[in-house]
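Each chain, written out:
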Amino acid sequence: MNNKTNITISAKNRGILCIIFSAFCFALMNAFVRLSGDIPTVQKSFFRNLIAFFIALGAIVKSGEKISINKGSLKFFIARAAFGTCGILCNFYAVDHLNLSDASMLNKMSPFFSILFSFIILKERLTAVQGAAVAAAFTGSLFIIKPSAEIFSSPSSLIGLAGGLCAGLAYTMVRILGQRGENKSFIVLFFSAFSCLAVLPSMILSFEPMSFKQVLFLTGAGLAAAGGQFGITSAYCYAPAKEISVYDYSQLIFAMLLGFVFFGQLPDSLSIAGYGIIIASAVGMFLYNRKR
């Protein structure tokens, strides 16, 4: 029994380290995306995933593992890739139109959506306390979105929230694939290839020439995204979302620091209040799960 407990704790700790590393990488990715300037969102998404594709391919080739998709897993690969692509497009749009920390926080609604979808899809038990935490987090997101009549003419915040929802669905699919024993590198590879192919037609039609500096920034975004993708994929394969998702909010700290250093951005009081509500909900839920 003790050995089993140690193995469980070890897996959870690996998940925590992976998710903090992922949070830093994704905050850095968002900063590079913003620094790349006025380029179509689909173009940014394509280059971000193209680099991640080659990194994942290199990892698979280096490992020498024989890759195959288990019977019944293909639909989950496709769902993970489709929802992940929608999440990236929404997130990049929000990054270009909102403060870096606001865009990051709306995207970080994904752990709450992951818990909700894990209840709906995976039938993982959702208690009243966890349900209340999800509701509180959504209330906190309204402080960041600041709904008004103007939101329909410039729906950047709603698009950012939609990105968090899509990411939550995508990570639920990652959890399923991890439970089915699928290769982590191949999960990233499949998603990156799917995303590149999905946005390629639109990118060709709207392509804009890039300067050398913009290419460098998008390369940095791709490298950071690959690190974040491997980190989050490993994290959710190691442990359930309800046990480690709270650590994903370290991205807010990284995003605020990068936003201030590179863009001189500071969140307003309502956004800070929203951050507090969401993070308090995440911490409360984490402590509740730990006590149970």
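A. Spotlight on the nonpolar core. Ranked by internal contacts, the top residues of the largest apolar core, which has 62 residues, are Met29 and Phe112. For Phe112, the contacting residues outside a window of four places in its chain are Ala133, Val134, Ala137, Tyr249, Ile278, Ser281, Ala282 and Met285. Core analysis: the second largest hydrophobic core is formed by 5 residues, Val42, Cys196, Val199 and Met203 among them.

B. Spatial organisation of the packing of aromatic side chains. Counted by the stated rule, this structure contains 9 aromatic pairs. Ring plane angle 80° and centroid distance 5.3 Å describe the contact between Phe53 and Phe54, whose orientation is recorded as edge-to-face. Relative accessible area serves as the criterion here: at 22%, Phe53 is assigned to the partly exposed category. A centroid spacing of 5.4 Å and a plane angle of 70° characterise the contact between Phe77 and Phe186, whose relative ring orientation is edge-to-face. Of this pair, Phe77 sits in helix α3 (residues 74-97) while Phe186 sits in helix α8 (residues 184-206), placing them 109 residues apart in sequence. This pair shows no difference in class: Phe77 is buried, exactly as Phe186 is. Taken together, the aromatic side chains of Phe77, Phe186 and Phe190 make up a single cluster linked through ring pairs. The side chain of Arg34 reaches across the aromatic face of Phe263, ending 5.6 Å from its centre. Here the basic side chain of Lys184 rests over the ring of Tyr238, its NZ or CZ set 5.3 Å away from the ring centre.

C. Structural context of the side chain of Arg80. Within the secondary structure, Arg80 is located in helix α3. With relative accessibility at 3%, the residue Arg80 sits in the buried group.

D. Representation of the environment of Gly274 in the model. Secondary-structure assignment places Gly274 in helix α12 (residues 269-291). Aside from chain neighbours lying at most four places away, what touches Gly274 is Gly140, Phe143 and Ile144.

E. Here's a closer look at the side chain of Ser271. By the element assignment, Ser271 lies in helix α12. Of note is the side chain of Ser271, whose polar atom sits 3.2 Å from the side chain of Asp102.

F. Quick peek at the packing of helix α4 (residues 100-107) against helix α11 (residues 250-263). The contact between α4 and α11 brings their axes to 8 Å, and the two run at 160°. Our classification of the angle between α4 and α11 gives roughly antiparallel. The handedness of the crossing between α4 and α11 comes out as right-handed. Contacts between α4 and α11 involve Leu100, Ser101, Ser104 and Met105 from the former and Gln251, Leu252, Ala255, Met256, Leu258, Gly259 and Phe263 from the latter. Class assignment for the residues of the contact of α4 with α11 results in 7 nonpolar, 4 polar and no charged.

G. Representation of the state of the cysteines in the model. Counted according to the given criterion, the structure contains 0 disulfides. Of all cysteine sulfurs in the structure, the one in Cys166 sits closest to Cys90, which takes part in no disulfide; the separation is 5.3 Å. Among the residues examined, Cys90 registers a relative accessible area of 17% and is labelled buried.

H. View of the environment of Gly58. Counting through the fold element by element, Gly58 comes out in helix α2 (residues 41-63). Classification of Gly58 by relative accessible area gives partly exposed; the value is 35%.

I. Structural view of the confidence of the model for the protein. Looking at the protein, pLDDT values average 82 and 91% of them are 70 or higher. Helix α10 (residues 241-244) is the least confidently modelled element of the protein, averaging 69 in pLDDT, while α3 averages 91, the highest of any element.

J. Quick look at helix α7 (residues 156-179). Its 24 residues place the ends of α7 35 Å apart at the C-alpha level, agreeing with the 34 Å of an ideal helix rising 1.5 Å per residue. The buried count for α7 comes to 18 of 24 residues, which makes it a mostly enclosed element. Gly181 lies just past α7 and shows a positive phi near 80°.

K. A nonpolar patch on the surface, seen in detail. Side chains of Phe260, Val261, Phe262 and Leu266 sit close together on the surface and give an oily, nonpolar patch of about 450 Å² of accessible area. Position of Phe260 among the secondary structure elements: in helix α11.

Calculation rules
Residue positions are given per chain, counted from 1 along the sequence in the order it is written. Whole-chain, interface and lining totals are the exception, using all residues; otherwise, since this is a predicted model, local features are given only for residues with pLDDT of at least 70 and side-chain atom pairs are given and counted only at 80 or more. Each side-chain value is derived from all of the structure's non-hydrogen atoms; neither hydrogens nor water enter the calculation. Grouping buried Ala, Val, Leu, Ile, Met, Phe, Trp, Tyr and Cys residues that are joined through side-chain atoms within 4.5 Å yields what is termed a nonpolar core. Whether a residue is buried, partly exposed or exposed follows from its accessible area with a 1.4 Å probe, protein chains only, as a fraction of its type maximum: under 20%, in between, or over 50%, in that order. Residue contacts are counted whenever heavy atoms from the two residues lie within 4.5 Å of one another. Only Phe, Tyr and Trp rings are paired, with Trp represented by its six-membered ring, and only when their centres lie within 6.5 Å; those with planes under 30 degrees apart are stacked, over 60 edge-to-face, the remainder tilted. Helix and strand assignments come from DSSP, with helices taken as H or I runs of at least 4 residues and strands as E runs of at least 2, each series counted from the N terminus. Only when the NZ atom of a Lys or the CZ atom of an Arg is both within 6 Å of the ring centre and within 35 degrees of the ring normal do we say a charge sits over the ring. The definition of a polar contact used here is a pair of N or O atoms within 3.5 Å, where within protein one atom must be able to donate a hydrogen and the other to accept one, and adjacent residues in sequence count solely through side-chain atom pairs. Here the axes come from fitting lines to C-alpha atoms, over the contacting stretch only for helices, and the angles between their N-to-C directions go from 0 to 180 degrees. Angles below 35 degrees are treated as roughly parallel, those above 145 as roughly antiparallel, those between 65 and 115 as roughly perpendicular, and all remaining angles as oblique. Put simply, a crossing is left-handed when the front helix is turned counterclockwise from the back one by less than a right angle, and right-handed when it is turned clockwise. Throughout, the ten residues Ala, Val, Leu, Ile, Met, Phe, Trp, Tyr, Cys and Pro are labelled nonpolar, Asp, Glu, Lys and Arg are labelled charged, and all others, Gly among them, are labelled polar. Defined by distance alone, a disulfide is two cysteine sulfur atoms within 2.5 Å. Along the chain, pLDDT gives the predictor's confidence residue by residue, from 0 to 100. What a helix is expected to span follows from its residue count: subtract one and scale by 1.5 Å. Every patch collects residues that have over 30% relative accessible area and no salt bridge, joining them within 9 Å if they carry like charges and within 5 Å if they are nonpolar side chains (Val, Leu, Ile, Met, Phe, Trp, Tyr). What sets the accessible areas is the Shrake-Rupley method with a 1.4 Å probe; for residues, cover comes only from the shown protein chains. Basic side-chain nitrogens of Lys or Arg form a salt bridge, by our definition, when they fall within 4 Å of a carboxyl oxygen of Asp or Glu.

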